[in-house]
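Here's the letter readout for the chains.
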Amino acid sequence: MVALWAFRLGGFLLYRIQKTGRDQRFDAWRNSFWLLGRFWVLQAIIAWIVLLPLLLALDKANVELGILSILGILVWAFGLIIEAVADLQ
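Here's a quick rundown of the structure. Since we're looking at a predicted model, the values are computed, not measured.

### Describing the packing of helix α1 (residues 2-20) against helix α3 (residues 67-88)
At a closest axis distance of 11 Å, the pairing of α1 and α3 adopts a crossing angle of 0°. Compared by their axis directions, α1 and α3 come out roughly parallel. Residues Leu4, Trp5, Arg8, Leu9 and Phe12 of α1 lie in contact with α3, whose contacting residues are Trp76, Leu80, Glu83, Ala84 and Asp87.

Structure follows, in structure tokens:
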């Protein structure tokens, strides 16, 4: 699920950059090492926090998919669809 989300997001960002020729989010920060560096460090911290549940789940052996897991997958899929539609809009 994490890989699918990452490929979807990466594909959208690549499409947007190819369409516009640049990533406009960074225009105001390109000339400031500290502003751009702060953005990337914060992104790395957020990515690590988001990755923690996956790392904890991968550490467990013999994990069974119960009703709660299926519900979580459905919530994730709904969120992925909402995110994809929002990006297209």
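Moving on from the model shown.
### What to know about α1
In an α-helix, one turn spans 3.6 residues, which is why side chains three or four residues apart end up on the same side. With 19 residues, α1 extends 27 Å from end C-alpha to end C-alpha; this agrees with the ideal 27 Å at 1.5 Å per step. Gly21 sits one or two residues past α1 and shows a positive phi near 90°.

### Let's talk about the pattern of salt bridges
Counted under the stated rule, the structure contains two salt bridges. For the salt bridge of Arg8 with Glu83, the shortest nitrogen-to-oxygen distance reads 2.8 Å. Placement of the pair is Arg8 in helix α1 and Glu83 in helix α3, with a sequence separation of 75 residues. Under the relative-accessibility criterion, Arg8 is labelled buried at 18%. With a closest N to O distance of 2.8 Å, Asp87 and Arg8 form a salt bridge. Taken together, the residues Asp87 in helix α3 and Arg8 in helix α1 connect sequence positions 79 residues apart.

Conventions adopted
- Residues numbered from 1 in each chain as written.
- Predicted model: local features only at pLDDT ≥ 70, side-chain atom pairs only at ≥ 80, totals over all residues.
- Heavy atoms only, no water.
- Axes fitted to C-alpha atoms, helices over the stretch in contact; angles between N-to-C directions.
- Helix = DSSP H or I, 4+ residues; strand = E, 2+ residues; numbered from the N terminus.
- Parallel < 35°, antiparallel > 145°, perpendicular 65-115°, else oblique.
- Contact = heavy atoms within 4.5 Å.
- Expected span 1.5 Å × (residues − 1).
- Salt bridge = Lys/Arg side-chain N within 4 Å of Asp/Glu carboxyl O.
- Buried < 20%, exposed > 50% of the residue type's maximum accessible area, 1.4 Å probe, protein only.

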